[in-house]
Amino acid sequence: MSDLASPAHVALTGNRPTGETKWIRSAADVSSLVNNSNESRSNARIVVAIALGGVFLDAYDLGALAFGIKDVTREFNLTPTGTGMVASAITFGAIVGALIGGYLTDKIGRYRVFMADMFFFVVAALACAFAPNEYVLGGARFVMGLGVGIDLPVAMAFLAEFSKLRGQGNKAASVAMWCPTWYAAISISYLLVLLLYAVLPESHTDWLWRLILGFGAVPALLIIAIRSRYMSESPVWAANQGNLQGAAEILQRSYNINAQVADDADLTQSKPVRKASWRNYGALLQGVYRRRTILATITSIASSFAYNAVAFGLPVIISSFFAQSMLTTILVSLALNLLFAFVGGLLAVRLVPRLGAWKMSVTGYTCQCVALLGLALIGRPEGGEQAAVAIAMLALFLFGQGFGPGSHTMTFASLSYPASLRGVGVGFNQTLMRGSSTVSLFVFPLLVAAFGTGVFWVIFLAPLIGLLALLAIRWEPSGYDVDAEDFN
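This is a predicted model, so every value here is computed, not measured.

## Remarks on empty space enclosed by the protein
So, point 1. Across all of its chains, the model carries one cavity of 30 Å³ or more by this definition.
So, point 2. Within this model, the largest cavity holds a volume of roughly 40 Å³.
So, point 3. Lining the largest cavity are Asn35, Leu165, Lys171, Leu415, Arg422, Pro477, Gly479, Tyr480, Asp481, Val482 and Asp483.

Have a look at this one:
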C-alpha cells in the first residue's frame, strides 16, 4: 500500500468540476486524459508558466555575470586562474546538477524537486550578492549551477506532462517555449545591466555585479510564494507511482476534468511502470531509445557548441567588424538576440504543431550552415556593404537557432522518452550539453586567437554535424504519444 500513498501535491486553487465523470482504472487512463482532453485547463497553463519561470532563472543566472566579471576580478584582485574558477563554477555545478536532477525528478517527483530547486536559487543568489571573497562567490555560483542543472529536467517534465498531445499548445510547443523564455531572460539581464549602469553613482559601480546576481532571488521567491496555490504534482508521475486518487484530484484541479477512480481500478499492475533507478541512464542506450538518445545528444551538443561560440562571442565579433563603443556593441547584440533569436523561438512555438520538430530543426541547421559559410567567406569586412552582409549572416544564424535547434533540441530530449524515463533522459542530455558549452566557451577565445575570422570555418562543422544526424535518424517526437510506451 505504500505506493498508493505516494505523496502528490495538489494545487489549492481550482474548482471541482461537475461535468461528465471520467473513470480511471490505470495510469494509462490518466495519461490518455492529459493528452486528449479538450476541457479548460487554466491551472495547467499556470503550471507551465511557472515551470518556464524556472527556465528564465536558468538563463538569467548563467548570463548574469557576463558583464561583471571584470569588476569581480578587480575587486578581489584575482589571478587569471581565480577569474576562471569564479566564471566556470556555475557551469560545473550545472553539469553535476543535471545528472542528479534527472534521477531525482523521476525518483521523488516533479513538484518536490522543483520546490527544492527554487531554494537553491534564492540562497545562492543572496550568497553571491554578499560574497566577501572569491571563495564564497565561487562556492555560491557552484550551488547556483546545481540549481540550474536540476531545474531543466524537472521543468521539461512539467512542460511535457501538463500539455496535450496534439494541436496548438501541444507538448512540443510547450517544451519549445523554453527557447524564447531563455532569450528573454538573457535580454532582460542585458537591460538590467544598462539600467543599473545608468542609475548607479560612479562611486558605487562596484555594486553592479552584486545587484545583478542578487536580483536572481526575486523571481525565485515569487515562485515559492505562489507554489501551493497553483502548482501540482504531475498527474502522470503520480499515477505511475500507483497513486490514482492523487492523480484524479490533480486532474480535477488543474484540468477541470471530473476524474474519479473506478471501483475496479487496476491498483496492482501486473506489469508495473519502470521504477526510478540510476540504472535507467543505461536504459537510454538500449532498444528503441538508443537511436533517439544518439540524435538528441548529437543535436544538443552541436547546437550548444555553435550557439555559445557565436552568441557569447557576439560582442567580440561585432566589435571586430566596426570600431564601436561597448555601449553600441551591447545594444547591437541585444537587438540581434531580440529581433532574430527570440522571434525565431516564438515562430518555433507557433509552427511546431503543424511542421514538426524534425523539419524545423533541419531548416534551422541549414540556415546556420549558410550563415557561417557566408561569415567565413567574408572574413573581416572591408567597407560598409560587407559589414552589413556579415551582420545579416549573424542575424540569419540566430534566427536559425531560435527557429530550429535552439527550440527543438529540448523537444527531442524531453519527448523521446516516456514519463518514467523523462527525468534521466533530459538529465543525461543536459549533462553532455553543459559539457559542450564549457568546452566551447573555453575553446572559442583560443580559436579566435589562432584563426581570426577563419574560426567560422571551424564553427560551421557543428551545425553540419547536427544536420547530418537529423538526416540519418528521422525521428519526429511532436504529436507522438511517447508516454504510452510505459504501458505497452
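## What to know about unusual backbone geometry
So, point 1. With a phi angle near 55 degrees, Asn77 is a residue other than glycine that sits in the positive phi range.
So, point 2. Residue Asn77 is classed as exposed on the basis of its relative accessible area of 68%.
So, point 3. For Asn256, which is not glycine, the phi torsion reads 60 degrees and is therefore positive.
So, point 4. Of note, Asn256 is situated in the loop between helix H12 (244-255) and strand E2 (259-261).

## A few points about the side chain of Thr409
So, point 1. With respect to the secondary-structure elements, Thr409 resides in helix H19 (residues 405-415).
So, point 2. Of note is the side chain of Thr409, whose polar atom sits 2.9 Å from the backbone oxygen of Pro405.

## Section: the state of the cysteines
So, point 1. Counted by the stated rule, this structure contains zero disulfides.
So, point 2. With no disulfide partner, Cys367 has as its closest neighbouring cysteine sulfur the one in Cys369, 9.5 Å distant.
So, point 3. Residue Cys367 is classed as buried on the basis of its relative accessible area, which comes to 17%.

## Side note on the nonpolar core
Most often, soluble globular proteins have nonpolar side chains that are buried together.
So, point 1. Counting residues in hydrophobic clusters, the biggest one holds 139 residues, and the most contacted among them are Phe114, Leu137, Met156, Phe158 and Ile459.
So, point 2. No other element matches helix H6 (residues 134-161), which puts 12 residues into this core.
So, point 3. What Met156 contacts, discounting residues up to four positions off in sequence, is Val55, Val175, Trp178, Met410, Ser414, Arg422 and Val426.
So, point 4. Grouped together as the second largest cluster of nonpolar side chains are eight residues, Tyr103, Tyr281, Ala283 and Tyr417 included.

## What about the packing of aromatic side chains?
So, point 1. Going through the model one piece at a time under the given rule, you end up with 13 aromatic pairs.
So, point 2. Consider the rings of Phe158 and Phe162, whose centres lie 5.8 Å apart with planes at 45 degrees: the pair is tilted. Across the pair, exposure class does not vary: Phe158 and Phe162 are buried alike.
So, point 3. Where Trp475 meets Tyr480, the ring centres are 5.4 Å apart and the plane angle is 80 degrees; that geometry is what we call edge-to-face.
So, point 4. For Tyr480, a relative accessible area of 34% puts it in the partly exposed group.
So, point 5. A network of ring pairs unites the aromatic residues Phe114, Phe158, Phe162 and Tyr255 as a single cluster.
So, point 6. For Arg292, the ring lying beneath its charged end belongs to Trp475, and the centroid distance is 4.2 Å.

The rules we used
- Residues numbered from 1 in each chain as written.
- Predicted model: local features only at pLDDT ≥ 70, side-chain atom pairs only at ≥ 80, totals over all residues.
- Heavy atoms only, no water.
- 1 Å grid on protein atoms, 1.4 Å probe; cavity = no way out; pocket = protein on both sides within 12 Å on 5 of 7 lines; lining within 4 Å.
- Points joined across faces, edges and corners; volume = space filled by probe spheres on them.
- Buried < 20%, exposed > 50% of the residue type's maximum accessible area, 1.4 Å probe, protein only.
- Helix = DSSP H or I, 4+ residues; strand = E, 2+ residues; numbered from the N terminus.
- Polar contact = N/O pair within 3.5 Å; in protein donor to acceptor, adjacent residues only side chain to side chain.
- Disulfide = S-S within 2.5 Å.
- Core = buried A, V, L, I, M, F, W, Y, C linked by side-chain atoms within 4.5 Å.
- Contact = heavy atoms within 4.5 Å.
- Phe/Tyr/Trp six-rings, centres within 6.5 Å; stacked < 30°, edge-to-face > 60°.
- Lys NZ or Arg CZ within 6 Å of the ring centre and 35° of its normal.

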